[in-house]
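Below are the chains, spelled out letter by letter.
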Amino acid sequence: MNLMQCYITKSDCYKAGRTIVPKGIMLHSTATPGLMAEGWYKSWNRTGLDVAVHAFADDKIVCQHLPWNHRAWHCAGQANNTHIAFELCEPAHPAKDDAYFAACYANGVELAAYLCVRFGLKASQIISHAEGHALGLASNHVDPNHWWKYFHVTMDDFRTDVAARLKQGPVKVVNVPFAADLRYGDAGDAVRALQLRLNELRARLGLAFAPLAADGQFGAKTEQAVRAFQTARHLLCDGVVGAQTRAAMTVAYGDVNGDGKADATDALAILQAAVGKRKLNAAATRAADLNADGKVDARDAQSVLRQAVKKQ
Ligand SMILES: [Zn+2]
């Protein structure tokens, strides 16, 4: 199970800091077709919001918004004080996408089994929002039945599958590091760090934009700089710093020997690699391909030299 902890530290529910002793798990589904697990953070991480669930799961990942023993606010009833709550994300075409349903459901089973082990719960202590309402513990919602009915799957099936999963041993968790996307209008230290990095990348890759003021405001100039970087690296040019762009920004372009500088020594290493006199490891190869054409050659060496000379 891929688990990303992205706590919604700005939300009132998070800040209230009330805890619960989990007595059960409540399963919800989002009724918001097409919005996947990572997409919820942005709108839920804000002040003035009491509503929160512990996690969102889709077919690939679980995004955890609150510590599991935090009191969430997910069902407008007593179960808020006793139940860990997670949402399964509905796909763009809930009635049709059976491959997605199968994968998302399986991820939900993994998450529920993980929580059962951690909090000493049984599969029989898992209920849906709809069941919570029938028990007088929650508001009148029908999730996830409005979605699951297309696949003839019930909460009894879910509990049976979780019980079976519990017999197979512990759920392996892969922790996925969290970093919020940065985009136009954002502000703060993360934007300041981005601007400094863009200025470095500008020097390393000869990107066409004027040096940015590191003012921590993601405005038009910063967006333009992000686009210039994305274009140079053949990434989707959307001006948003998401996972792909962030990964591409961590490469030490031009610094093939890893000494923190991009200079003539690196240019020489690139030339040697180009003629087969030197082997580069994967990180050095990424750093050496300055023009992003998939090859390490004399042109890359040339641009390292060009930028090094410009700096002097
Ligand atoms: Zn619900």
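Residues numbered from 1 in each chain as written. Predicted model: local features only at pLDDT ≥ 70, side-chain atom pairs only at ≥ 80, totals over all residues. Heavy atoms only, no water.

## Concerning the overall build of the protein
Part 1: Regarding its fold elements, the protein presents 12 helices and 7 strands.
Part 2: What you see for the protein is a C-alpha radius of gyration of 24 Å, clearly larger than the 20 Å of a compact globule of 312 residues, by over 25%.
Part 3: For the C-alpha atoms alone, the extent of the protein along its principal axes is close to 75 × 40 × 35 Å.
Part 4: With 312 residues in all, the protein has 46% of them scored as buried.
Part 5: Partitioning the intrachain contacts of the protein with sequence separation of at least 6 by distance along the chain shows that 69% fall at a separation of at least 24.
Part 6: With an accessible surface of roughly 15500 Å², the protein has 55% of that area assigned to carbon and sulfur atoms.
Part 7: Mean positive and mean negative side-chain charge positions of the protein (35 and 30 charges, respectively) differ by 5 Å. (Helix = DSSP H or I, 4+ residues; strand = E, 2+ residues; numbered from the N terminus. Rg over C-alpha atoms; globule rule 2.2 N^0.38 Å. Buried < 20%, exposed > 50% of the residue type's maximum accessible area, 1.4 Å probe, protein only. Contact = heavy atoms within 4.5 Å. Areas by Shrake-Rupley, 256 points an atom, 1.4 Å probe, with all protein chains shown as cover. Lys, Arg positive; Asp, Glu negative; His and termini not counted. Charge placed at Lys NZ, Arg CZ, Asp CG, Glu CD.)

## Details of the domain arrangement of the protein
Part 1: For the protein, the assigned domains are domain 1 (2-175), domain 2 (180-250) and domain 3 (252-312).
Part 2: For domain 2 versus domain 3, the separation of C-alpha centres amounts to 22 Å.
Part 3: Facing 12 residues of domain 2, the contacting portion of domain 3 comprises 12 residues.
Part 4: Of all residues in domain 2, Ala203, Arg204 and Arg233 give up the largest surface area on contact with domain 3, accounting jointly for 61% of the area buried on that side.
Part 5: Counting across the domain 2 and domain 3 interface gives 0 salt bridges.
Part 6: Where domain 2 meets domain 3, there are 8 residue pairs in polar contact (both at pLDDT 80 or more). (Domains from an automatic or database assignment. Buried area = accessible area lost by both parts, 1.4 Å probe. Salt bridge = Lys/Arg side-chain N within 4 Å of Asp/Glu carboxyl O. Polar contact = N/O pair within 3.5 Å; in protein donor to acceptor, adjacent residues only side chain to side chain.)

## With respect to the pairing of strand E1 (residues 2-5)
Part 1: Bridging between E1 and strand E7 (residues 174-175) involves 2 bridges; their strand directions are parallel. Residue pairing in the sheet places asparagine 2 in a bridge with valine 174 of E7. (Pairing = 2+ DSSP bridges.)

## Description of the coordination of the zinc ion
Part 1: Those donors, His28 (ND1), His129 (ND1) and Asp143 (OD), are the protein atoms that reach the zinc ion, and they lie 2.1 to 2.2 Å from it.
Part 2: Sequence spacing among the residues donating to the zinc ion works out to H-x100-H-x13-D. Taken together, the residues histidine 28 in strand E2 (residues 24-29) and histidine 129 in helix H4 (residues 129-134) connect sequence positions 101 residues apart. Here the two residues histidine 28 and histidine 129 agree in accessibility, since each one is buried. (Donors = N, O, S within 2.8 Å, 3.2 Å for Na, K, Ca; no water.)

## A word on helix H12 (residues 298-311)
An α-helical segment advances 3.6 residues per turn. Residues three or four places apart therefore align on the same side.
Part 1: With 14 residues, H12 extends 20 Å between its outermost C-alpha atoms, agreeing within 8% with the 20 Å of an ideal straight helix rising 1.5 Å per residue.
Part 2: Restricting attention to buried positions, one finds in H12 the residues Asp300, Ala301, Ser303, Val304, Gln307 and Ala308. In an axial view of H12, the angular spread of the buried residues amounts to 165 degrees, which keeps them on one side of the axis. Facing away from the buried surface of H12 by more than 90 degrees, the exposed residues are Arg299, Val309 and Lys310.
Part 3: Looking at the buried positions of H12, the neighbouring elements they touch are helix H7 (189-205), helix H10 (264-274) and helix H11 (282-288). (Expected span 1.5 Å × (residues − 1). Arc of directions from axis to C-beta.)

## Considerations on the nonpolar core
Part 1: One finds Phe86, Trp148, Phe158 and Val162 to be the most contacted residues of the largest nonpolar core, which totals 51 residues.
Part 2: Broken down by element, the residue count for this core peaks at 11 residues, all from helix H3 (residues 98-119).
Part 3: Beyond its immediate sequence surroundings of up to four residues, valine 162 is in contact with Val109, Ala112, Ala113, Cys116, Ala123 and Ile126.
Part 4: Of all hydrophobic cores here, the second largest spans 31 residues; its members include Val191, Ala225, Ala228 and Ile270. (Core = buried A, V, L, I, M, F, W, Y, C linked by side-chain atoms within 4.5 Å.)

## Here we look at H7
Part 1: Given a rise of 1.5 Å per residue, 17 residues ought to cover 24 Å, and the 24 Å separating the end C-alpha atoms of H7 matches this to within 8%.
Part 2: Every buried residue belonging to H7 is among Val191, Leu194, Gln195, Leu198, Asn199, Leu201, Arg204 and Leu205, and all of these are buried.
Part 3: Where H7 is buried, its residues meet helix H8 (220-232), helix H9 (243-249) and H12.
Part 4: Phi for glycine 206, located one or two positions after H7, is positive at around 65 degrees.

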